[in-house]
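For reference, the chains in residue letters:
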Amino acid sequence: MHILLSSTLPRTSPTNTFLSVKMKLLSSLAVVGLSAASSLAQLAFHGVNIAGFDFGCATDGYCNTTQAAPPLLQYGGSDGYGQMLHFVQNDGYNIFRLPVGWQYLTNNVLGGVLYPANFEKYYTLVQTCLSTGAYCIVDIHNYARWNGTIIGQGGPTNEQFAAIWYSLASQFKYESRVVFGVMNEPHDIPDVILWAGSVQAAVTAIRTAGATSQLVLLPGNDWTSAATIWSDGSGAALLNVTNPAGDKTGLIIDVHKYLDYDNSGTHANCTTNNTVAAWEPLSAWLRANGRQALNTETGGGNTASCVEYLCQQRAYQQLNADVILGYVGWAAGGFATDYVLSEVPVKNTTTGYWTDTWTVEACLSPRAFVY
Ligand SMILES: *[C@@H]1O[C@H](CO)[C@@H](O)[C@H](O)[C@H]1NC(C)=O
Ligand SMILES: *[C@@H]1O[C@H](CO)[C@@H](O)[C@H](O)[C@H]1NC(C)=O
Ligand SMILES: *[C@@H]1O[C@H](CO)[C@@H](O)[C@H](O)[C@H]1NC(C)=O
Ligand SMILES: *[C@@H]1O[C@H](CO)[C@@H](O)[C@H](O)[C@H]1NC(C)=O
Ligand SMILES: *[C@@H]1O[C@H](CO)[C@@H](O)[C@H](O)[C@H]1NC(C)=O
Ligand SMILES: *[C@@H]1O[C@H](CO)[C@@H](O)[C@H](O)[C@H]1NC(C)=O
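The paragraphs below set out a description of the structure included in this document. (Residues numbered from 1 in each chain as written. Chains lettered and ligands numbered in written order. Predicted model: local features only at pLDDT ≥ 70, side-chain atom pairs only at ≥ 80, totals over all residues. Heavy atoms only, no water.)

**Points about the overall build of the protein chain**
From N to C terminus, the protein chain includes 11 helices and 12 strands. In the protein chain, which comprises 371 residues, the share counted as buried stands at 58%. For the protein chain, long-range pairs separated by at least 24 residues make up 76% of all intrachain contacts whose partners lie at least 6 apart in sequence. (Helix = DSSP H or I, 4+ residues; strand = E, 2+ residues; numbered from the N terminus. Buried < 20%, exposed > 50% of the residue type's maximum accessible area, 1.4 Å probe, protein only. Contact = heavy atoms within 4.5 Å.)

Written as C-alpha cells, this is what we have:
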C-alpha cells in the first residue's frame, strides 16, 4: 500500500530544514551500503497516536476515567479530527492509533459490556479517523492489567478480556481499516506463556465476532520493547497465537521503541537510533519466523538529537520494510503543544493552516522524504 505523495503539497516551514536532514540521511545510507535513497522501500504505514481517551490510565492498570480527555472538539477536547485530516492531507500519513482505557469503555465495570455514553464518544473518534481515509488502531491502554491485577494471572479472566474484545470487534467488524491493538505495553508479566494464552483469547474473540480479516497487533512483555521481544520469551510465545482456522494471517507483532537513554520516551534528547539493539535483531527474528511487526509507539523531543536519530531509525526501518510495516509516532491528540514528545500540530485560526512539530516535519511525516 504505497502512499501517493504530491510534489505540490504546501510546505509549512523552511525548506533548508528538510534539506539538511535529507543530506544527513543520505550520508548515513552510505554507511549502511546504499548509494541512493531511491533504493529505500516505502513503509506500509506512517502514523501518529491520537491520545486522550487513555488519559488517567496508569502503568498498574488503574484508569481514573474522569481524567479521560476525548480528543474531539464536540466533547470539549482538542481538535483530533482537524489534526488527523491535516496529517493525512498535508503530510501523507495513513494510520492513527486511538488509545482508550478499558475502564472508560465499560464505566469501571470489569468485563465486556460497553457503557453507551462513553463508548459513543470513542466510536465517534474511530469513525472520524476512518473518515480521513486512514487506518485506525483501536488500542486498549491498560498494560495487561485492570486495577493493579494482571489479566489471566490473578486479575481479570481471559473470558473477561475476550468479552471486551468481542464487544469492540462486533462494532467494527465491517470496517476493513480498523486494526485491533490487543493491549498497550504489558510489563512485568510473571508467565509469558500464560500471557500468550490471554492474547489468543482476544484474537479468537475478535475473529469470532466477525472481524475476520483485519490486522490484529500482538503485544509482548517488557513494554512491548522492540529490543527484547525476540529474546525475552514473550515473542516466542506470541508466535504460537493463531486465528481460529489455525493460520496466522493478519496477526502482526506489536513493538514500541523510544530513543532516549532509558527507552522511556520521557526525555527531550535522544541517544540512539536503535539499530543495533533493536531493529537489526528484531528484523532477523521476524524474517526467520516469517512474521511482520508494526512499531506503534516511537518518538522523541523536538530537539536536534531526536531529529537526527529518528531520521536514522526511519531509514533503517525502510531498509527492512519487508518485515517492519511502519511506525506510529507518540503523540498528538489531547497533549499540550509543550509536552516533551509533542507531535501536536498547531493550527493558525486565521489562515486555517497547520504547522507541524520539528520531529514530524523533519523525520516522521511521509512528506519529509520524497524520493
Ligand atoms: C480522579 O481524577 C479526578 C480529577 O483529576 C480527581 O479529582 C480524583 O481525586 C481522582 N480519583 C482518584 C480515585 O484518584
Ligand atoms: C477500579 O478502580 C476504579 C478507580 O479507582 C474504581 O472506580 C473501580 O470501582 C475499580 N473497579 C473494580 C472492579 O475494582
Ligand atoms: C509453540 O508451539 C509449539 C508447537 O506446538 C511448541 O512446541 C512450543 O513449545 C510452543 N512455544 C511456546 C513458547 O509456547
Ligand atoms: C539536550 O541536549 C542539548 C545539546 O546537547 C543540551 O543543550 C540540552 O541541555 C539537553 N536537554 C536536556 C533536557 O537534557
Ligand atoms: C545507527 O547507529 C549506528 C551506531 O549505533 C550506526 O552505525 C549507524 O550508521 C546508524 N544508522 C543510520 C541509518 O545512520
Ligand atoms: C496566522 O497567519 C497570519 C497570516 O499569515 C499571521 O499574520 C499570523 O501571525 C499567524 N498567527 C500565528 C499565531 O502564527
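Moving on from the coordinates now.
**Points about the pattern of salt bridges**
One pass over the structure, following the stated rule, counts 5 salt bridges. Here D91 makes a salt bridge to R367, at a shortest N to O gap of 3.8 Å. One end of the pair, D91, is in helix 2 (residues 80-91); the other, R367, is in the segment after helix 11 (358-364), and 276 residues separate them in sequence. Both residues of the pair, D91 and R367, belong to the buried class. A salt bridge links R97 to D139; the shortest N-O distance between them is 3.3 Å. (Salt bridge = Lys/Arg side-chain N within 4 Å of Asp/Glu carboxyl O.)

**Some details on the layout of surface pockets**
Each pocket or cavity is described by its volume, and for the largest pocket that value is around 370 Å³. What lines the largest pocket is a set of 20 residues, and nearest its centre among them are H141, Y143, E185, E297 and W330. Of the residues belonging to the lining of the largest pocket, the class tally is 9 nonpolar, 8 polar and 3 charged. (1 Å grid on protein atoms, 1.4 Å probe; cavity = no way out; pocket = protein on both sides within 12 Å on 5 of 7 lines; lining within 4 Å. Points joined across faces, edges and corners; volume = space filled by probe spheres on them. Nonpolar A, V, L, I, M, F, W, Y, C, P; charged D, E, K, R; others polar.)

**Describing the side chain of N273**
Relative to the elements of secondary structure, N273 occurs in the loop between strand 8 (251-256) and helix 9 (275-288). Within polar-contact distance, the side chain of N273 engages the backbone nitrogen of T275 at 2.9 Å. A polar contact of 2.7 Å, which involves the side chain of N273, links it to the side chain of Q312. (Polar contact = N/O pair within 3.5 Å; in protein donor to acceptor, adjacent residues only side chain to side chain.)

**Notes on the sheet that holds strand 3 (residues 135-140)**
By way of backbone hydrogen bonds, the strands of a sheet pair with one another, either parallel or antiparallel. Strand order in the closed barrel formed by 8 strands is 1-2-3-6-7-8-9-10, with parallel pairing between adjacent strands. This sheet shows a mean twist of 30° between the axes of neighbouring strands, independent of strand direction. Two strands pair when backbone bridges link them, and strand 3 and strand 6 (residues 178-181) are joined in this way by 4 bridges, in the parallel orientation. In the sheet register, V138 faces strand 6, and the bridge partner there is F180. (Pairing = 2+ DSSP bridges. Axes fitted to C-alpha atoms, helices over the stretch in contact; angles between N-to-C directions.)

**Some words on the nonpolar core**
Core analysis: the largest hydrophobic core is formed by 97 residues, its most contacted members being F96, L98, F161 and W165. If you tally residues by element for this core, the top one is helix 6 (residues 192-208), at 8 residues. Dropping the residues within four chain positions of it, F161 is found in contact with W102, I151, V182, M183, W195, S198 and A202. Within the second largest apolar cluster, 10 residues are counted, among which are F45, I95, L217 and L325. (Core = buried A, V, L, I, M, F, W, Y, C linked by side-chain atoms within 4.5 Å.)

**Thoughts on the packing of aromatic side chains**
One pass over the full model with this rule turns up 16 aromatic pairs. Taking the centre distance of 5.3 Å and the plane angle of 85° together, the rings of F53 and Y122 count as edge-to-face. Here the residue F53 occupies a position in the loop between strand 1 (45-51) and helix 2, and Y122 occupies one in helix 4 (residues 116-131), the gap between them amounting to 69 residues. Ring plane angle 75° and centroid distance 6.1 Å describe the contact between Y143 and W223, whose orientation is recorded as edge-to-face. Here Y143, found in the loop between strand 3 and strand 4 (145-146), pairs with W223, found in helix 7 (residues 221-224); they are 80 residues apart in sequence, far enough to count as distant. With a relative accessible area of 35%, W223 lands in the partly exposed category. Counting every residue linked through ring pairs, the aromatic cluster contains F55, W330, F335 and Y339. (Phe/Tyr/Trp six-rings, centres within 6.5 Å; stacked < 30°, edge-to-face > 60°.)

**Let's talk about helix 4**
For helix 4, which comprises 16 residues, the first-to-last C-alpha distance of 22 Å matches the rise-based estimate of 22 Å (1.5 Å per residue) to within 8%. Turning to helix 4, its buried residues number three or more, namely N118, F119, Y122, L125, V126, T128, C129 and L130. Where the residues of helix 4 are buried, they touch helix 2, strand 2 (95-100), helix 3 (102-106), strand 3, helix 5 (158-172) and strand 6. G133 sits one or two residues past helix 4 and shows a positive phi near 95°. (Expected span 1.5 Å × (residues − 1).)

**Remarks on the pairing of strand 7 (residues 216-219)**
Within a regular strand, side chains alternate between the sheet's two faces. Of the two faces of strand 7, the one holding V216 and L218 and the one holding L217 and P219 are both buried throughout. In this sheet, strand 7 lies alongside strand 6 in parallel orientation, the contact comprising 2 bridges. Across the sheet, the residue bridging to G181 is L217, located in strand 7. Between the parallel elements strand 6 and strand 7, the chain passes through helix 6 in a crossover that is right-handed. (Right-handed = clockwise from strand over helix to strand, strands pointing away.)

**As for the state of the cysteines**
On inspection of all chains with the given rule, the structure shows 4 disulfides. There is a disulfide in this structure between C129 and C136, and the S-S distance comes to 2.1 Å. Between C129 and C136 the sulfur-sulfur dihedral comes to about -100°; the bridge is accordingly left-handed. Per residue, the accessibility class of C129 equals that of C136, and both read buried. (Disulfide = S-S within 2.5 Å.)

**Observations regarding the side chain of D254**
Position of D254 relative to the elements: it lies in strand 8. One buried charged residue, D254, remains without a salt bridge, the closest side chain of opposite sign being R97 at 4.9 Å. Within the structure, D254 has its side chain in polar contact with the side chain of T296 (distance 2.6 Å). (Lys, Arg positive; Asp, Glu negative; His and termini not counted.)

**Considerations on helix 2**
Helix length check: helix 2, at 12 residues, gives a terminal C-alpha distance of 15 Å against a target of 16 Å (1.5 Å per residue), a fit within 8%. Check the buried side of helix 2 and you find it contacts strand 1, strand 2, helix 4, strand 10 (324-333), strand 12 (354-355) and helix 11. G92 lies just past helix 2 and shows a positive phi near 90°.

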